[in-house]
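Close look at the chain arrangement
Each chain, letter by letter, is given below.
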Amino acid sequence: MLLLLLLLGTATSRCLHDEIQKSVSLLRPPSPQLPSNFRSASLTLPGSHDPQPLRIQTCYVREPVSDGAWDPEADRMSGESRVLAAVSEAAQRLQGILSVQGPLLLSRDPAQYCHAVWGDPDTPNYHKCSLLNPGYEGESCLGVKIPDAHLHGYTLWPEQGPPQLVQPDGPGVQNTDFLLYVRVAHTSKCHQEPSIIAYAACCQLDSEDRPLAGTIVYCAQHLTSASLSHSDIVMATLHEVLHALGFSGHLFKKWKDCPSGPSVPENCSTRQQVTRRDEWGQLLLTTPTVSHSLAKHLGVQGVSLGVPLEEEGPLSSHWEARLLQGSIMTATFSGAQRTRLDPITLAAFKDSGWYQVNHSAAEELLWGQGSGLQFGLVTTCGTGSSDFFCTGSGLGCHYLHLDKGSCSSDPMLEGCRMYKPLANRSECWKKENGFPPGADNPHGEIYHSQSRCFLANLTSQLLPEDKARQPSQIPHLKEVELTGRCYLHQCTKRGAYNVQVQGSSWASCFPGKAIQIPGYYGLLFCPRLRLCQTNEGTDAVTSPPVSLLAQDLLLQLSLGLAGPSGHSLGKEEREELAEAVLQALVSRGGAGRCYFHSPSITTGLVFSVHMWKSPGCQGPSAGMLHRTLTLTLQKQPLEVYYGGANFTTEYSKLLVTLDHNPSMTCLGLSLGLCLTLLILVGALGTMAYQKRATLQVGPSTPYHSSELQGTRGPAGEIGEL
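Read on for an overview of the structure. Each chain carries its own residue numbering, running from 1 in the direction its sequence is written. Only residues with pLDDT of at least 70 are given local features in this predicted model, and only at 80 or more are side-chain atom pairs given and counted; all residues enter the totals for whole chains, interfaces and linings. Calculation of side-chain values draws on the structure's entire complement of heavy atoms; hydrogens and water are dropped beforehand.

Description of the packing of aromatic side chains
Pairing of aromatic side chains here covers Phe, Tyr and the six-membered ring of Trp, requires ring centres within 6.5 Å, and sorts the geometry by plane angle: under 30 degrees stacked, over 60 edge-to-face, intermediate tilted. One pass over the full model with this rule turns up 19 aromatic pairs. With centroids separated by 5.7 Å and ring planes inclined at 75°, the aromatic side chains of Phe-375 and Phe-388 adopt a geometry described as edge-to-face. Placement of the pair is Phe-375 in the loop between α8 (343-351) and β17 (395-397) and Phe-388 in the loop between α8 and β17, with a sequence separation of 13 residues. Each residue is assigned to one of three classes by its accessible area relative to the maximum for its type, calculated with a 1.4 Å probe on protein chains only: buried under 20%, partly exposed between the two thresholds, exposed over 50%. By relative accessible area, Phe-388 is classed as buried at 9%. Seen from their ring centres, Phe-375 and Phe-389 are 5.3 Å apart, and the 35° between their planes marks the pair as tilted. In this pair, Phe-375 is assigned in the loop between α8 and β17 and Phe-389 in the loop between α8 and β17, connecting sequence segments 14 residues apart. Through a chain of ring-to-ring contacts, the aromatic side chains of Phe-247, Phe-252, Trp-255, Trp-319, Phe-349, Trp-354 and Tyr-355 assemble into a single cluster. Only when the NZ atom of a Lys or the CZ atom of an Arg is both within 6 Å of the ring centre and within 35 degrees of the ring normal do we say a charge sits over the ring. Directly above the aromatic system of Trp-157 lies the positively charged group of Lys-128, at a separation of 5.0 Å from the ring centroid. Between the NZ or CZ atom of Arg-530 and the centre of the ring of Phe-388, over which it lies, the distance is 4.1 Å. Under the scheme used here, helices are H or I runs from DSSP no shorter than 4 residues and strands are E runs no shorter than 2 residues, and both carry numbers assigned from the N terminus.

So, in structure tokens, the structure goes:
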């Protein structure tokens, strides 16, 4: 469960996934008795071992809200649209590796629909259901009733003879690897903990224990709040979906060890050890890819490290915040712009044995990077050994330098202190936080999308007695008085940048050094290894997220390219061809480059580009331009000449469609081609296995015999007939 205080600047939110998951019984099909055209697990396409997208089918269950939590006529439509847009974007970020055959069907819980079984081992139908539960109302997960169309049927067995079919198999869900049920409500959990945005749990597993279905519940009261941005909802959704897909203390023990890779499932076995406690009692996740990823992050290659998990009881589903602050899978959340889908989290999904992972999709985690083995320890965080931590209670800059911050702690930091964003107007990158025209601005601050926080004591005003002194002799310009200030920055190359103060020209900022600004007294310190850490100019890893309209977030244009037979392209050639296709698209659309983002071409010659209208971009909406291009490309394909060869577009495709049903909306996010997805390439893939099953397990334990062990009596006991 992801909690987010409405004042994002001071959010010390936590996730209660373990509490929620503990309340949900995991169903797993134990025996292969399905008809050949149905499946409870993924099936490998014959002869195919190529990665294909993880296809998440999202079904939204609409329900009335009668307790005044929100206005069902006015606020609900707004809240629903925010949820659907966020879920769509979150699902697009997760991509799988293998397709499936036949429809997906979920299991029923026999302990729910069956009241008694035949108990005589000499009868032909021993341990088959002999008496139905008259109160059975179907299957549900976290309050969402699963449609019968998504479920296997069930039967009643006489003492001898053929069974009586009570409910036939549903048609199933086509082209799906994971079913995500979405609910917007004001539940008792939302009421008890008002800061909760959403919570989620895994509901069912396939025959290889891979999560097959889950539910995410959004607390309705937050969805109409202006303090919760679209990006925040997307990141909260990603956090919860990653729990449901396997990052859970309740699922770690089911992870697989696949020495030959997940494409050879017959060589997979349950991992002998996923977590352990070290000599100090710290709970660690110790799988190999995770350990290697942490060692690489800390700059101590060759050392086998376990990754500390947050102390949340006997089980934990979150990284230790002191060590991995800013990771999407820590238990605290302080806004989307400060959260990353990091390499260590993706490494965990690889170690689960259920997924292949595109590690290039990871977002760089700056916190603790290259800081060595002693980083993040309670015994070292207050010694001044790392500038990621602070001491005292002064003002400075959050480590990403997007925000001003105050030196403080929270329960997850266990006494360690860091600069946390201020409660109000902390964001340097928000122009609206700036000074109104004509207002006094003695420190020369600039609030802008490319402004960052710098430690400085610049001032254009001095006391009369100070004007005759040198800056180094002025008492109130001592280093102890440095504080966080917002100034414009401009990347010049990797790790190098210029800075601008109000009324001054651009000045070179030398990382790790202090500079003076003409027209100002005092110094400005240039952070080292924090800004401009990519080769993409101003698109540094510290850049804040672009704020997009919901209707634009769903747009991606995909074009198949037909080229000369046998013509293969390397990575650099594909990048150059993608640029050539993009230029042709810009020319065809008659619009600026500002509509098109992140162009790419796969090895299978599929070009994709994301479309949204950047701030300041002149022209029609991105949706209108997308529709125009789609129509014109169908009538007249693009022709691009590159490398001595002609390439022609074959088709265009809008990835996401919304089907608004009065009671349930299913978003078919079937991504048939391995594409570069919105903003960030999808990260996860699902491994498919040739397993079929029909019987289900009861809810009290994860595993049962393939036959029913009995029924619940009046006091919850098991009985036989």
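Things to note about the environment of Glu-80
With respect to the helices and strands, Glu-80 occurs in helix α2 (residues 75-92). Put simply, Glu-80 and Tyr-60 are 20 residues apart on the chain and 9.1 Å apart in space, counted from C-alpha to C-alpha. Residue contacts are counted whenever heavy atoms from the two residues lie within 4.5 Å of one another. Excluding residues that lie within four positions of it along the chain, Glu-80 makes contacts with Tyr-60 and Arg-62.

Focus on the nonpolar core
One broad trend across soluble globular proteins is that nonpolar side chains are buried collectively. Residue types Ala, Val, Leu, Ile, Met, Phe, Trp, Tyr and Cys, when buried and joined through side-chain atoms within 4.5 Å, form a set referred to as a nonpolar core. One finds Tyr-218 and Trp-319 to be the most contacted residues of the largest nonpolar core, which totals 75 residues. It is helix α5 (residues 230-245) that contributes the most residues to this core, nine residues altogether. In terms of nonpolar packing, the next biggest core, distinct from the first, is built from 29 residues, Phe-596, Phe-607, Leu-638 and Val-640 among them.

Here's the deal with the pattern of salt bridges
Salt bridge criterion: a side-chain nitrogen from Lys or Arg within 4 Å of a carboxyl oxygen from Asp or Glu. Counted according to the given criterion, the structure contains 16 salt bridges. The salt bridge partner of Asp-148 is Arg-108, with a shortest N-O separation of 3.0 Å. One end of the pair, Asp-148, is in the loop between β6 (144-145) and β7 (154-156); the other, Arg-108, is in the loop between α2 and α3 (110-113), with 40 residues separating them in the sequence. A residue is classified by how much of its surface remains accessible, and Asp-148, at 31% relative accessible area, is partly exposed. Given the relative accessible area of 1%, Arg-108 is considered buried.

Looking at the sheet that holds strand β15 (residues 283-285)
Paired strands, as defined in this entry, are two strands with at least two bridges between them according to DSSP. Spatial ordering of the open sheet is given by β14-β15-β16, a layout of three strands whose pairing is antiparallel. Each edge of the open sheet carries a strand with a single partner, namely β14 (275-277) and β16 (307-308). Relative to β16, β15 runs antiparallel, the two sharing two bridges. Looking at the pairing, Leu-284 lines up with Pro-308 of β16.

What to know about the state of the cysteines
In this description, the term disulfide denotes a pair of cysteine sulfurs within 2.5 Å. Applying the stated criterion across every chain yields a total of ten disulfides. Across the disulfide, Cys-381 is cross-linked to Cys-416 (sulfur-sulfur distance 2.0 Å). Of note, the bridge from Cys-381 to Cys-416 carries an S-S torsion of about -90° and is left-handed in sense. In this pair, Cys-381 is assigned in the loop between α8 and β17 and Cys-416 in the loop between β18 (404-408) and β19 (418-421), connecting sequence segments 35 residues apart. Neither residue differs from the other here; Cys-381 and Cys-416 are each classed as buried.

Regarding a negative patch on the surface
Like charges are joined within 9 Å and nonpolar side chains (Val, Leu, Ile, Met, Phe, Trp, Tyr) within 5 Å, but only among residues with over 30% relative accessible area and no salt bridge; these make up the patches. Using a 1.4 Å probe, accessible areas were evaluated by the Shrake-Rupley method; residue-level cover was limited to the displayed protein chains. Positive: Lys, Arg. Negative: Asp, Glu. His and the chain ends are not part of the count. Charge coordinates come from a single atom per side chain, which is NZ of Lys, CZ of Arg, CG of Asp or CD of Glu. A cluster of acidic side chains, namely Glu-572, Glu-573, Glu-575 and Glu-576, defines a negative patch on the protein surface. Looking at where Glu-576 falls in the secondary structure, it is placed in helix α10 (residues 571-589). For Glu-576, a relative accessible area of 47% gives the class partly exposed.

A short note on unusual backbone geometry
Glycine aside, the phi torsion of most residues is negative, and most peptide linkages are trans. Despite not being glycine, Leu-142 shows a phi value in the positive range, around 50°. On the secondary structure map, Leu-142 appears in the loop between β5 (140-141) and β6. Since its relative accessible area comes to 19%, Leu-142 is described here as buried. The backbone phi angle of Asn-175 is positive, close to 50°, even though this residue is not glycine. Note on placement: Asn-175 falls in the loop between β8 (164-167) and β9 (178-185). Overall, Asn-175 belongs to the partly exposed group, its relative accessible area being 38%.

Re the packing of helix α6 (residues 288-298) against α8
Between the N-to-C directions of two axes lies an angle of 0 to 180 degrees, each axis being a line fitted to C-alpha atoms and, for a helix, fitted only over the stretch in contact. Contact geometry of α6 with α8 gives a least axis separation of 7 Å together with a crossing angle of 165°. It follows from the interaxial angle that α6 and α8 lie roughly antiparallel. For the pair α6 and α8, the sense of crossing is right-handed. Touching Pro-288, Thr-289, Val-290, Ser-293, Leu-294 and His-297 of α6 are Pro-343, Ile-344, Ala-347, Ala-348, Lys-350 and Asp-351, all from α8. Just so you know the grouping, Ala, Val, Leu, Ile, Met, Phe, Trp, Tyr, Cys and Pro go in nonpolar, Asp, Glu, Lys and Arg go in charged, and all remaining residues, Gly too, go in polar. Looking at the contact of α6 with α8 residue by residue, the class counts come to seven nonpolar, three polar and two charged. The cut-offs work like this: below 35 degrees is roughly parallel, past 145 is roughly antiparallel, 65 to 115 is roughly perpendicular, and the gaps in between are oblique. Rotating anticlockwise by less than a right angle from the far helix to the near helix defines a left-handed crossing, while the corresponding clockwise rotation defines a right-handed one.

Note that all results are geometric; they support no functional claim without further evidence.
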